[in-house]
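Below, each chain spelled out in residue letters.
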Amino acid sequence: MAASMACMAFEDNNLPSWWRDTPPNRQRRLLASTQNGVSITVDQRQLCNFSSNDYLGLRSHPAVIDAASTALHHYGVGSGGSRYISGDAPLFHAMEQALATWKGAEACLLVGSGMLANMGVLQALATRHSAIFADRLNHASLLDGCRLSGAHLYRYPHKDLAVLERMLGKNKSDQRIIVSDGIFSMDGDEADAAALMKLTEKYDAWLILDDAHGNGCTGENGAGLTTKTGIQGHPRLIETGTFAKALGGYGAFVLASEAMINGFIQRLRTVIYTTALPPAIIAAMQVSLPLFQQQNLRQRLQENIYYFLRCNKGLPLLPSSTPIQAFMVGDDADALGAAKQLQDAGFFIPAIRPPTVSKGTARLRITLSAMHTRPQIKALSEALHLL
Ligand SMILES: Cc1ncc(COP(=O)(O)O)c(C=O)c1O
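All figures in this text were calculated on a predicted structure; none of them were measured in a lab.

Here we take up the overall build of the protein. Per the secondary structure count, the protein includes 14 helices and 14 strands. When each of the 387 residues of the protein is scored for burial, the buried share is 48%. Within the protein, counting contacts between residues at least 6 apart in sequence, those at least 24 apart form 72% of the total.

Here you go:
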């Protein structure tokens with residue numbers, strides 16, 4: 001019964017008429033990513049995974065798993081309610097304090113996921129009188145937050161701060177907000193966060209920076225791009241981050257001045273009207289956070305990135321010194337073909353196609369982890385040279 005209903009869902013007559021032009025490009029696969037870090041079972045075959053955001057291998061660190069498991073027995077599986085009703089727990093507050101200290105911010109608020117953090121922050125901060133200036137390659141969650149806010153949205157070409165400044169100069173709104181990814185999720189390059197902050201100050205604006213991929217990968221103590229560029233703790237900075245990348249978990253956080261976080265506590269609909277995160281995941285993140293700051297793990301990640309770049313000189317990679325390496329293909333079918341060729345060679349790197357990236361820029365998004373070994377990176381590089 002369930003199977004026949006699933007089939008029917010793809011028949012045109014069972015779809016709204018306005019959906020029928022969109023081909024079902026995205027397919028779910030039978031994947032199982034096992035606990036040993038970088039191996040993944042795809043269609044019952046074990047492959048080396050170069051597509052995860054678990055940059056430091058903390059998702060399967062024994063101490064992190066133990067913390068989650070102990071907390072599960074203590075707190076149960078779910079939190080049981082929203083934070084403002086019955087779902088709050090002292091460890092949420094302790095974690096917020098730890099994150100604020102680590103990131104050099106005055107205050108922090110936990111949120112259900114990075115998607116919810118970005119959508120919620122923009123919806124809360126901006127009004128329909130605001131002007132939001134957003135990098136064209138920002139993550140979808142930031143774009144959706146801009147749309148949800150009802151504000152006027154101006155998208156500037158990727159990292160083109162001259163155009164951004166012209167836009168800011170011409171705009172008459174007294175509610176200006178600049179929004180950018182820290183490390184861009186599909187290209188792997190870094191925003192010029194210090195320059196964005198200068199423009200924020202000059203034009204009396206606010207800066208929302210999503211450091212999802214910077215945390216754990218760059219900056220002192222792995223504290224991300226804001227630390228690397230010295231803008232952490234700036235009163236005009238609102239920073240979002242997620243547990244779902246290098247911290248190896250699930251959930252997210254917003255960092256800002258205490259006044260701003262108090263404002264979000266009143267206004268952030270994606271916290272107020274949703275169930276709090278499971279306490280066990282926070283307990284796990286309490287253990288992940290100090291591990292994540294250890295120099296040796298980040299050092300291994302850096303060495304893997306340098307090694308990968310050395311092995312792949314001359315290939316069509318976008319400039320990036322982060323764990324996200326985009327191997328450009330262009331055509332969608334060619335990207336699918338390249339992903340299949342890599343899969344046959346034992347590597348899991350799905351093709352990224354429009355609308356996730358713009359038309360004609362389909363690519364293989366390769367992500368590196370501290371857990372990859374040199375032989376694995378070398379073997380992947382040999383396979384990439386054969387594409
Ligand atoms: C830049 C960026 N921001 C936010 C998110 C969403 O984070 P989460 O997976 O915690 O919802 C992602 C993940 O895809 C991302 O790449």
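There's plenty left to go through after this.
With that settled, the discussion passes to the domain arrangement of the protein. Taken domain by domain, the protein comprises domain 1 (62-292) and domain 2 (302-387). If you look at the interface, domain 1 gives 9 residues, while domain 2 gives 12 residues. Its residues placed into classes, the side of domain 1 that touches domain 2 shows 3 nonpolar, 3 polar and 3 charged.

Another point: the packing of helix H12 (residues 295-311) against helix H14 (residues 374-385). At a minimum axis distance of 10 Å, the contact between H12 and H14 shows a crossing angle of 30°. Accordingly, the angle class assigned to the pair H12 and H14 is roughly parallel. With respect to the hand of their crossing, H12 and H14 are arranged in right-handed fashion. For the pair H12 and H14, the contacting residues are Asn-304, Tyr-307, Phe-308 and Cys-311 in the first and Arg-374, Ile-377, Lys-378 and Ser-381 in the second. Residue composition of the contact of H12 with H14, by class: 4 nonpolar, 2 polar and 2 charged.

Compared with an ideal rise of 1.5 Å per residue, which puts 14 residues at 20 Å, helix H11 (residues 279-292) spans 20 Å between its outermost C-alpha atoms and is within 8% of the ideal. Counting buried positions over the 14 residues of H11 gives 11, a clear majority of the element. Looking at H11, one finds that the buried residues are Pro-279, Ala-280, Ile-281, Ile-282, Ala-283, Ala-284, Met-285, Val-287, Ser-288, Leu-289 and Phe-292. In this fold, the buried residues of H11 make contact with helix H2 (62-75) and helix H3 (90-103).

Surveying the vicinity of the ligand reveals 14 residues, the closest of which are Ser-113, Gly-114, His-139, Ser-185 and Thr-242. Residue classes in the shell around the ligand are distributed as 4 nonpolar, 8 polar and 2 charged.

In space, the 3 strands of this open sheet follow the order E11-E14-E13, with antiparallel pairing throughout. This sheet does not close on itself; its edge strands, each paired only once, are strand E11 (324-330) and strand E13 (351-352). Pairing of E13 with strand E14 (residues 362-367) involves 2 bridges; the strand directions are antiparallel. Within E14, the position partnered with Ile-352 by the bridge is Arg-363. Against the sheet, helix H13 (residues 332-344) contacts E11, E13 and E14, and its axis sits at roughly 35° relative to E14.

With that settled, consider unusual backbone geometry. Residue Pro-354 is joined to Pro-355 through a cis peptide bond whose omega torsion reads 10°. Structurally, Pro-355 is set in the loop between E13 and E14. Look at Asp-204: it is not a glycine, yet its phi comes out positive at around 50°. Tracing the backbone shows Asp-204 in the loop between helix H7 (193-202) and strand E8 (206-210).

Mapped onto the elements, Asp-66 comes out in helix H2. You can call Asp-66 partly exposed: it has 13 C-beta atoms within 10 Å.

This next bit is on the environment of Arg-365. Within the fold, Arg-365 resides in strand E14. Once the C-alpha coordinates of Arg-365 and Lys-245 are considered, the two residues, 120 residues apart in sequence, prove to be 15 Å apart.

Grouped together as the largest cluster of nonpolar side chains are 112 residues, with contacts concentrated most on Leu-109, Phe-253 and Val-254. Ranked by the residues each element gives to this core, the list is headed by H11, at 9 residues. Two domains each provide a minimum of three residues to this core, namely domain 1 (62-292) and domain 2 (302-387). Leaving out residues up to four positions away in the same chain, Leu-109 has contacts with Glu-96, Phe-253, Val-254, Ile-261, Phe-264, Ile-265, Leu-268 and Val-271.

So, on to the confidence of the model for the protein. Averaged over all residues, the pLDDT of the protein equals 93, while 95% of them reach at least 70. The model gives residues 1-9 a pLDDT under 50, and that stretch makes 2 contacts with residues more than four places away or in other chains.

This part covers the pairing of strand E7 (residues 176-181). E7 sits mainly inside the fold: 6 of its 6 residues count as buried. Every second residue of E7 is oriented toward a common face, with Arg-176, Ile-178 and Ser-180 on one face and Ile-177, Val-179 and Asp-181 on the other, all of them buried. When strand E5 (residues 131-135) meets E7, the two strands line up parallel, connected through 4 bridges. Bridge pairing in E7 places Phe-133 opposite Ile-178. Bridge count for E7 against E8 is 5 bridges, and the pairing is parallel. Bridge pairing links Asp-181 to Asp-210 in E8. Crossover E7 to E8 through H7 is right-handed.

The rules behind these values
- Residues numbered from 1 in each chain as written.
- Predicted model: local features only at pLDDT ≥ 70, side-chain atom pairs only at ≥ 80, totals over all residues.
- Helix = DSSP H or I, 4+ residues; strand = E, 2+ residues; numbered from the N terminus.
- Buried ≥ 20, exposed ≤ 12 C-beta atoms within 10 Å, placed from the backbone.
- Contact = placed C-beta atoms within 7 Å.
- Domains from an automatic or database assignment.
- Nonpolar A, V, L, I, M, F, W, Y, C, P; charged D, E, K, R; others polar.
- Axes fitted to C-alpha atoms, helices over the stretch in contact; angles between N-to-C directions.
- Parallel < 35°, antiparallel > 145°, perpendicular 65-115°, else oblique.
- Left-handed = near helix turned anticlockwise from the far one by under 90°.
- Expected span 1.5 Å × (residues − 1).
- Near = placed C-beta within 6 Å.
- Pairing = 2+ DSSP bridges.
- Core = buried A, V, L, I, M, F, W, Y, C linked by C-beta atoms within 7 Å.
- pLDDT = per-residue confidence, 0-100.
- Right-handed = clockwise from strand over helix to strand, strands pointing away.

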